[in-house]
Amino acid sequence: MTPSPHTPGPHTPSPGTSRRRKALIIGGGIAGPVTAIFLKRAGIDAELFEAWPYSTGIGGGLQIAPNGMHVLAEIGLADEMIERGSICESFDFHSQAGRRLGSVNRNMKQRFGQPAVNMCRTTLNEALVDKAWSDGIGVHFEKRLARIEDRPDQPIVAHFADGSSAEGDFLIGADGVHSAVRTHVIPDGPKPFNTGLIGFGGFGPRSLLDQATIGQRMVTTFGQSGFFGYGFCSSDPSDGVMWWSTQPSHGTDAATFRAMGQDQLRRHLRDFHAGWHDPIPAIIDAAENIVVTDTLDVATLPTWSRKRTLLIGDAAHATSPHAGQGASLALEDAMRLAHLMQDGLELGLTFQNFEAERRPRAEKIVAIARRNGNSKREFSAAGAWIRDRMLQWLLPVTSKGMDFMYAYDPRAA
Ligand SMILES: Cc1cc2nc3c(=O)[nH]c(=O)nc-3n(C[C@H](O)[C@H](O)[C@H](O)COP(=O)(O)OP(=O)(O)OC[C@H]3O[C@@H](n4cnc5c(N)ncnc54)[C@H](O)[C@@H]3O)c2cc1C
């Protein structure tokens, strides 16, 4: 599985040879498996290396927007995700007291050809890894990249923390916001930026929303400080509701919150959201396995590639979750990269073309997400009142301004 660096390996094929090229892909989250699947279709072998054991450490729910669903459709997984997840028919905004402020993201399927779909991250990840496996891609767990060796006229070598290594013709860093590959590409480059907000999230039983008659809408609430959201994410009665709370971190990081234990986290959430409209208190009371995350982004990097190594997904352009686009951008990256690889250009040029095509869109969305996060910070009572009134007027306008994100079709680009 992991040949030694001295084994004759698949470095740059000589002109005229028909040996298939091989990609080493670091990261088995979203961008990694999908890139492997598309590269294989493009005639390039791929091996995938994930730091964690199979299917652990992946928490929370997420929404895949129509632009990302097009990519899932292309690899035959859109219907399965719709069946195992929950179509989201709109995003409704409320004040802390429960007054409706407006609604966005309606009729997504009609307007963009695919719906927005809520799902458990684990469900998506398992489906992607299973698909990679069934397409004959080597997927290796508990392989944490430690360093990369890229010498002229030699295969590129990925060295793992357990002492093993693997060789390929090029390497794709799909290893997320804390990317180790990024350190190889830009040794003294910028670190992920902490946006000063902290996220809590988890699941609850479907019975929690029995009285709420929310249908397939996502319900979100702006408080004087912070934000709360909930909606259906699965047909499973035991964990069919996903919820999340976003709060100013006031300098406390996720690791500190995680160390508190579940009872204390629940108490913290109860206190923070005291007096918020129903069923928020009941959702918090039922919360178990609460996941806590720092809210980071990577606004811009000086470059996305170095020699035979390229960054994609969050490793290249991590976005805070306030635009609901990070996973969809990662899916788009995977499909567009494989498309460009098919042009048969020299590797460095392909990487440059990829960056030139993807960077403006990705960085625009990272900036929008950061801006959206600002309305979840702390306001005075009067400030929150004004924000809520402004939202009522602004939502229809800003909603139109977001359509470019969903209208992007990576198959057509
Ligand atoms: C709380 C929260 C909510 C979100 N909600 C949404 C949402 O609703 N919709 C949306 O589109 N996006 C959402 N996002 C963003 C989305 O999760 C990311 O943009 C997306 O997961 C990026 O995919 P990726 O494959 O690039 O990285 P990841 O999914 O992070 O995958 C990276 C993988 O690399 C592995 N890895 C890391 N280091 C190494 C190493 N050294 N060696 C080997 N493997 C390694 C990791 O274990 C991981 O499996 C949310 C993010 C957060 C934090």
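Definitions and limits used
Residues numbered from 1 in each chain as written. Predicted model: local features only at pLDDT ≥ 70, side-chain atom pairs only at ≥ 80, totals over all residues. Heavy atoms only, no water. Buried < 20%, exposed > 50% of the residue type's maximum accessible area, 1.4 Å probe, protein only. Helix = DSSP H or I, 4+ residues; strand = E, 2+ residues; numbered from the N terminus. Pairing = 2+ DSSP bridges. Right-handed = clockwise from strand over helix to strand, strands pointing away. Axes fitted to C-alpha atoms, helices over the stretch in contact; angles between N-to-C directions. Contact = heavy atoms within 4.5 Å. Parallel < 35°, antiparallel > 145°, perpendicular 65-115°, else oblique. Left-handed = near helix turned anticlockwise from the far one by under 90°. Nonpolar A, V, L, I, M, F, W, Y, C, P; charged D, E, K, R; others polar. Near = heavy atom within 4 Å. Polar contact = N/O pair within 3.5 Å; in protein donor to acceptor, adjacent residues only side chain to side chain. Areas by Shrake-Rupley, 256 points an atom, 1.4 Å probe, with all protein chains shown as cover. Core = buried A, V, L, I, M, F, W, Y, C linked by side-chain atoms within 4.5 Å.

Novice: I would appreciate a short explanation of the pairing of strand E2 (residues 45–49) in the present structure.
Specialist: It is a general feature of regular strands that their side chains alternate between the two faces of the sheet. Here E2 lies mainly inside the structure; 4 of its 5 residues are buried. For strand E1 (residues 22–26) and E2, the ladder comprises 5 bridges, and the chain directions are parallel. From the neighbouring strand, Lys-22 faces E2, where its bridge partner is Asp-45. Handedness of the E1-helix H1 (residues 31–41)-E2 crossover: right-handed.

Novice: So what exactly am I meant to see when it comes to the sheet that holds strand E4 (residues 86–88) here?
Specialist: Strand-to-strand pairing in sheets goes through backbone hydrogen bonds, with the strands running parallel or antiparallel. Pairing is antiparallel across the open sheet formed by 3 strands, whose spatial order is E3-E7-E4. Each edge of the sheet is formed by a strand with only one pairing partner; in this case those strands are strand E3 (61–64) and E4. With direction set aside, neighbouring strand axes in the sheet form an average angle of 35 degrees. With 4 bridges connecting them, E3 and strand E7 (residues 116–120) associate as antiparallel partners. Paired with Ile-64 across the two strands is Val-117, which belongs to E7. The sheet contacts of helix H5 (residues 121–134) involve E3 and E7, and relative to E7 the element is tilted by about 90 degrees.

Novice: Looking at this structure, how should I read the packing of helix H12 (residues 347–374) against helix H13 (residues 381–407)?
Specialist: Helix packing geometry: the angle between the two helix axes and the distance between the axes. With their axes 12 Å apart at the nearest point, H12 and H13 run at an angle of 140 degrees to one another. Comparing their axes, H13 and H12 come out oblique. Viewed along their axes, H12 and H13 form a crossing whose handedness is left-handed. Taking contact as the criterion, the partners of Arg-361, Lys-364, Ile-365 and Ile-368 in H12 are, on H13, Met-402, Phe-404 and Met-405. The residue inventory of the contact of H12 with H13, partitioned by class, reads 5 nonpolar, no polar and 2 charged.

Novice: Where do I start with the environment of Arg-121 in this structure?
Specialist: Relative to the elements of secondary structure, Arg-121 occurs in helix H5. Classification of Arg-121 by relative accessible area gives partly exposed; the value is 33%.

Novice: Help me understand the site of the ligand in this model?
Specialist: Taken together, 30 residues lie near the ligand, and Ala-31, Glu-50, Gln-63, Arg-121 and Asp-314 sit nearest. Measuring from an oxygen atom of the ligand, one finds a backbone N or O atom of Gln-63 at 2.8 Å. Take Gly-324: an N or O atom from its main chain is 3.3 Å from an oxygen atom of the ligand. Considered on its own, the ligand offers 1000 Å² of accessible surface; in the complex 81% of this is hidden by protein. Among the secondary structure elements, those contributing two or more residues to the shell around the ligand are E3 and helix H11 (326–341). Broken down by element, the shell around the ligand gets its largest block of residues, 4 residues, from H11. Of the residues that constitute the shell around the ligand, the class distribution is 13 nonpolar, 11 polar and 6 charged.

Novice: Sorry if this is basic, but what is going on with the nonpolar core here?
Specialist: Burial of nonpolar side chains together is a common tendency in soluble globular proteins. In this structure, Ile-25, Ile-64, Leu-72, Leu-124 and Phe-170 are the most contacted members of the largest nonpolar core, which totals 96 residues. Per element, the largest residue contribution to this core is 10 residues, and it comes from H11. Filtering out sequence-adjacent residues up to four positions away, Leu-124 remains in contact with Ile-30, Leu-62, Ile-64, Leu-72, Met-81 and Met-119. Residues Leu-208, Tyr-230, Leu-269 and Val-292 belong to the second largest nonpolar core, which totals 22 residues.

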